[in-house]
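Examination of the molecular architecture
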Amino acid sequence: MAAAAAGLSWRRVSSFTGPVPRSRHGHRAVAIRELVIIFGGGNEGIADELHVYNTATNQWFLPAVRGDIPPGCAAHGFVCDGTRILVFGGMVEYGRYSNDLYELQASRWLWKKVKPQAPSTGSPPCPRLGHSFSLYGNKCYLFGGLANESEDSNNNVPRYLNDFYELELQHGSGVVGWSIPVTKGILPSPRESHTAIVYCRKDLGVPKMYIFGGMCGCRLNDLWELDIETMTWSRPETKGTVPLPRSLHTANVIGNKMYIFGGWVPQSAGGEISTHDGEWKCTGSFAYLNLDTTEWIGLISDCHEDKSNLLPGPRAGHCAVAVGTRLYIWSGRDGYRKAWNNQVCCKDLWYLDTEKPPAPSQVQLIRATTNSFQVKWDEVPTVEGYLLQLHADSPVPSAAGTPGTGVPETSVLSSQGGSSLHQSPQSLPSVPCPEMKVDHPSQANNVIPNNVQLCLSSNSLLKVEGKEKVAAPENKITQETMKNRADATAFKESNAPSLLPVCTSSPQTSANVGELHDLDKRTVIPDASVSSTVSSTQTMRTPQRQMAPVKSRERQWYDVGIFKNSSAVVSQFYLLPEETLNASNKKEDADVPDYRLLKKQDLFPGTVYRFRVAAINGCGVGPFSKVSEFKTCIPGFPGAPSTVKITKSVDCIHLSWEPPASPSGNILEYSAYLAIRSTQLQENPNQLVFMRIYCGLKTSCVVTAAQLSNAHVDYTSRPAIVFRISAKNERGYGPATQVRWLQDMKTSSSK
């Protein structure tokens, strides 16, 4: 178990901004995307404010809540269904418990007190604390807790509960009512301060609820299983060492594992644990139950000593929440012995990456120049950085002699935040990374060498009037990438100028891509690139490139760098010494070299480069994405049109754009294309077929309803109609700007 603890990579969040909530115990937390939402708990009084922690920006904030704001409570039920949160019961003051139900619409920070119908048989749940409240589908499951039998709150007469209720929810908002399910098997014994989670195996699809531990005069470590479909209770047989009896611990499901952390455990005397544990202590033990095999795996033991402070300290009554595959733990009571009669709460926030991050999406091209690419990829939640690599069609010289010691310069490699519909990437503020320890300040905003501590610093997508909110912006631009086709021999030339003309001398074929929602008027910032080829008929096709065989020496991958955010400007890459190069290409998770000691190679014009990217978290470098390839531009051709606007009318839409820069003479004409339905698409869905809908000097055109009726709706990401616009000068046509006009499901299904 000591080896398992050494293999864990817990990270303490040491730098954050915003109003940090006071330390406490008995609070609860849920996650909505990258936001951790904390409510209740207390220490020297019960807290009634709602706190939110943005894991992507390391920012705390207090949302401006309104409506039927509930009183502060502790040891309550707290579940999240989409962007609504339900709060049930808890202690509202010493000796006085609640059975009220509140709903928070987190997209508007609106509280509402809801009154569910009473069950058709029996009474509704009595006031309680320390119960479990679990969500599956459209139902919440309430089990157990502690009630006060006395009507006098100052005279507490505890009663442990093992009643079981089901609360049916209405879709989106509101509840139907309570019911008391008829169950089979033996009901778990009464308890409070236990945990309950719901898990559904992917192969079987049978949801099951697991209850572990709790308190009923003494601490418990029994495991109970409820088959939700048959409502049958059972005691599953387990393998491995069962964690010590405990209460006020946390249980979280990540993948097929239920992670148990902390809690109050009996104070053993001479290795013996008393039945009624008069002495007890907080623990920092950590274990998980494999829910597919029901095997317990211990990771940190109850007696583990952490002299280096590399692990979360012992605690109970803390909160734990999973954000993706990352587990966050905050605050809690750090020690309580009845002989001491005092309470001290932790102030620290920790997280643990439980597995390597998944592969990001393919690298997407925002724009290409003669000697650089601006690229992006979709963000992966809860990562600390991205490793970007490339290799070229042409051989790349290896670093010979003594490697250079230059550090990356700002103009060479940079990382930028994601762009919104009305902001260019350059105009977005950079997100600070307080935890970074950078030896060279010039690297702080660009490439992270391997000798620095990475931290999460991706931009939040949830901002309204300077504060985060849960609803993601409606007008988010995303990108896609399509492959180059470099060989011009596949084209059939034509004298008719009805299609994008073919340049026989290595035409520049990269194209910008934007994505646009189906709204009346929006501005698209082109920010990804594709490549296109042309046939001589009335359509333009984008076939997949067949990878030409290349020599082994040309297949070596080179590091562009490690980036904090999911975009980068690439004009150079690092050359590795021959022995390091051969070793690093044998495995994808090779150690990242010290970039300060490596030489750099510039990109060349008219060259095809292949890219791949991998995400990095506390577990290491994850798998690489699928390979994308892009070609640097050839000098002289015009750039891609920019700032595309779509204005919707009753019977048509209007496209307009800004003219690009033209190094060789004036712009002679523009062409606009629409992706159309075709039998070829049925044979190869990845090969879009385009029809030209405009050719002329104006920087705008009209797309008629008749043309739109023939449009192909692309479902590669979100349903969208695809347009392309390109400009021509005396050298020929330059890159096309591709725009994905997002369609709602109703609109797209009718086309």
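Computed from a predicted structure; not experimentally measured. (Residues numbered from 1 in each chain as written. Predicted model: local features only at pLDDT ≥ 70, side-chain atom pairs only at ≥ 80, totals over all residues. Heavy atoms only, no water.)

1. A few points about the overall build of the protein chain
Quick note on the threshold: Here a helix means four or more residues in a row that DSSP labels H or I, a strand means two or more in a row labelled E, and each is numbered from the N terminus. Each residue is placed in one exposure class: buried if its accessible area under a 1.4 Å probe, protein chains only, is under 20% of its type's maximum, exposed if it is over 50%, and partly exposed if it falls in between. Note on contacts: a residue pair is in contact if any heavy atoms of the two residues lie within 4.5 Å. Per-residue accessibility takes into account occlusion by the displayed protein chains alone, with areas from the Shrake-Rupley method and a 1.4 Å probe.
If you tally the helices and strands in the protein chain, you get 5 helices and 53 strands. Taken across its 751 residues, the protein chain has 55% of its residues classed as buried. Once local pairs closer than 6 in sequence are excluded, the contacts in the protein chain between residues at least 24 apart make up 67%. When the accessible surface of the protein chain is totalled, it reaches about 31,400 Å², and 50% of it is carbon and sulfur.

2. Let's talk about the packing of aromatic side chains
In plain terms, the rule: Side-chain rings of Phe, Tyr and Trp, where Trp is taken by its six-membered ring, are said to pair if the distance between their centres is within 6.5 Å; with planes under 30 degrees apart they count as stacked, over 60 as edge-to-face, and otherwise as tilted.
The full count for this structure, using the stated rule, is 29 aromatic pairs. The interplanar angle of 50 degrees and the centroid separation of 5.5 Å between the aromatic rings of Phe-39 and Trp-111 together place this pair among those described as tilted. Of this pair, Phe-39 sits in strand β3 (residues 35–39) while Trp-111 sits in strand β10 (residues 110–114), placing them 72 residues apart in sequence. Like Trp-111, Phe-39 is buried. For the pair Phe-212 and Trp-296, a centre-to-centre distance of 5.2 Å together with 50 degrees between the ring planes defines the contact as tilted. In this pair, Phe-212 is assigned in strand β16 (residues 207–215) and Trp-296 in strand β24 (residues 295–300), connecting sequence segments 84 residues apart.

3. A short note on the sheet that holds β3
Spelled out, the test is: If DSSP finds at least two bridges between two strands, the strands pair. The convention used is that axes are lines fitted to C-alpha atoms, helices contributing only their stretch in contact, and that angles between N-to-C directions extend from 0 to 180 degrees.
Strands sit in the order β2-β3-β4-β5 across an open sheet of 4 strands; the sheet is antiparallel. Among the strands making up the open sheet, the edge pair consists of β2 (28–32) and β5 (59–61). Pairwise comparison of adjacent strand axes, ignoring direction, gives a mean angle of 20 degrees for this sheet.

4. Observations concerning the pattern of salt bridges
Let me state the cut-off plainly: Salt bridges are counted wherever a side-chain nitrogen of Lys or Arg sits within 4 Å of a carboxyl oxygen of Asp or Glu.
Per the stated rule, a full pass over the model turns up 22 salt bridges. A salt bridge links Glu-384 to Arg-11, with the nearest nitrogen and oxygen atoms 2.8 Å apart. Of this pair, Glu-384 sits in the loop between β31 (373–376) and β32 (385–392) while Arg-11 sits in strand β1 (residues 10–12), placing them 373 residues apart in sequence. When sorted by exposure, Glu-384 lands in the same class as Arg-11, which is buried. We note a salt bridge from Arg-84 to Glu-103, for which the minimum N-O separation is 3.1 Å.

5. Some points on the side chain of Arg-692
Stated formally: Charge assignment: positive for Lys and Arg, negative for Asp and Glu; neither His nor the chain ends contribute. Any pair of N or O atoms that falls within 3.5 Å is considered a polar contact. Within protein, one atom must be able to donate a hydrogen and the other to accept it, and sequence-neighbouring residues count only if both atoms are side-chain atoms.
Structurally, the position occupied by Arg-692 is in strand β48 (residues 689–696). The buried charged residue Arg-692 lacks any salt bridge, with Glu-669 as its nearest oppositely charged partner at 4.5 Å. Side chain to side chain, Arg-692 and Ser-671 meet in a polar contact 2.7 Å long.

6. Observations regarding the pairing of β32
In terms of burial, β32 is largely enclosed, as 8 of its 8 residues are buried. Neither face of β32 is open: one carries Gly-385, Leu-387, Gln-389 and His-391, the other Tyr-386, Leu-388, Leu-390 and Ala-392, and all of them are buried. Here 8 bridges tie β32 to strand β42 (residues 608–617), and the two strands are oriented antiparallel to one another. Bridging across to β42, Leu-387 finds its partner in Ala-614. In this sheet, strand β38 (residues 558–563) lies alongside β32 in antiparallel orientation, the contact comprising 5 bridges. The residue of β38 that forms the bridge with Gln-389 is Asp-559.

7. Structural notes on the sheet that holds β1
On the basis of which strands lie adjacent, the open sheet formed by 4 strands has the order β1-β29-β26-β25 and antiparallel pairing. Each of the sheet's edge strands pairs with one partner strand only, and the pair in question is β1 and β25 (319–323). The average undirected angle you get between the axes of adjacent strands in this sheet is 25 degrees. Relative to strand β29 (residues 349–353), strand β26 (residues 326–330) is paired through 5 bridges, and the arrangement is antiparallel. Its bridge partner lying in β29, Leu-327 is registered against Leu-352.

8. Here's the deal with the nonpolar core
To keep things clear, this is the line we draw: Only buried Ala, Val, Leu, Ile, Met, Phe, Trp, Tyr and Cys residues count toward a nonpolar core, and they belong to the same one when joined by side-chain atoms within 4.5 Å.
Ranked by size, the top nonpolar core spans 26 residues in total, and within it Phe-373, Val-375, Leu-388, Val-570 and Phe-611 carry the most contacts. For this core, the secondary-structure elements that each account for two or more residues are β30 (364–368), β31, β32, β38, β39 (567–570), β40 (572–575) and β42. Among all residues touching Val-375, those that are not within four sequence positions of it are Val-363, Gln-364, Leu-365, Ile-366, Leu-388, Ser-567, Ala-568, Val-570 and Phe-630. Val-644, Trp-657, Leu-674 and Ile-725 belong to the second largest nonpolar core, which has 24 residues in total.

9. Topic: unusual backbone geometry
We note that Ser-193 has phi near 60 degrees; this positive angle belongs to a residue other than glycine. Along the chain, Ser-193 turns up in the loop between β14 (175–179) and β15 (195–200). Judged by relative accessible area, which is 11%, Ser-193 ranks as buried. We note that Thr-382 has phi near 50 degrees; this positive angle belongs to a residue other than glycine. By secondary structure assignment, the location of Thr-382 is in the loop between β31 and β32.

10. Quick look at the confidence of the model for the protein chain
Let me state the cut-off plainly: Confidence of the predictor at the level of single residues is given by pLDDT, which spans 0 to 100.
Of all residues in the protein chain, 71% attain a pLDDT of 70 or more, and the chain-wide mean is 77. In this model, residues 400–554 is a region of pLDDT below 50 whose contacts with residues beyond four sequence positions or in other chains number 475 contacts. Between residues 747–751, whose pLDDT stays under 50, and residues either more than four places distant or in other chains, the model counts 11 contacts.

11. A look at the environment of Thr-55
Tracing the backbone through its elements, the reader meets Thr-55 in the loop between β4 (50–54) and β5. The class for Thr-55 is buried, based on a relative accessible area of 1%. Separated by 19 residues in sequence, Thr-55 and Val-36 place their C-alpha atoms 7.2 Å apart. A distance of 2.7 Å separates the side chain of Thr-55 from the backbone oxygen of Glu-34, its partner in a polar contact.

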